[in-house]
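# Report on the structure
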Amino acid sequence: RVGAPIVASCSKHGVDYVDITGETPFARKVIDLHDEEAKKTGSFIINMCGFDSLPSDLGTLRTVQLIRDKYKEETRRVSCFVTMKGGLSGGTMESFMDMEKDPEIFK
């Protein structure tokens, strides 16, 4: 509810948008709606740069680079495992509830 209007405004005015969301339906929707305009105005829309995405992405990139540089081999697969404690934020819980109410969000 809050993020989509912000993405729309950022893409319209050429301002970059960075979000820690891990919610794929939201990210897909805002890219589909605002990618062309963002390209025209020079705005970057960057989703999924939080804990649930960034450490595993960077860890995978670094692992693949190390194997290629040190052993001159290509990597076919990297598995990442994380253990953590904590709970869901209020925003994440609200997003889950919205997704439950609107199955069209997954299309």
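Everything below is about the structure printed above this text.
Just so you know, these numbers come straight off a predicted model, no measurement behind them.

Parameters and conventions
- Residues numbered from 1 in each chain as written.
- Predicted model: local features only at pLDDT ≥ 70, side-chain atom pairs only at ≥ 80, totals over all residues.
- Heavy atoms only, no water.
- Helix = DSSP H or I, 4+ residues; strand = E, 2+ residues; numbered from the N terminus.
- Buried < 20%, exposed > 50% of the residue type's maximum accessible area, 1.4 Å probe, protein only.

Moving on to the side chain of threonine 21. By secondary structure assignment, the location of threonine 21 is in the loop between strand S1 (17-18) and helix H2 (24-41). Using a relative accessible area of 10% as the deciding quantity, one classes threonine 21 as buried.

What follows covers the environment of arginine 28. Position of arginine 28 among the secondary structure elements: in helix H2. Owing to a relative accessible area of 43%, arginine 28 belongs among the partly exposed residues under this scheme. For the pair arginine 28 and glycine 14, spaced 14 residues apart in sequence, the C-alpha separation works out to 19 Å.

All right, on to the environment of serine 9 then. Structurally, serine 9 is set in helix H1 (residues 3-13). Separated by 25 residues in the primary sequence, serine 9 and histidine 34 have C-alpha atoms spaced 9.6 Å apart.

Moving on: unusual backbone geometry. The backbone phi angle of methionine 48 is positive, close to 60 degrees, even though this residue is not glycine. Following the sequence through the fold, methionine 48 ends up in the loop between strand S2 (45-46) and helix H3 (54-71). For methionine 48, a relative accessible area of 26% puts it in the partly exposed group. One non-glycine residue, lysine 72, lies in positive phi territory at about 55 degrees. For lysine 72, the location among the structural elements is in the loop between H3 and helix H4 (90-101).

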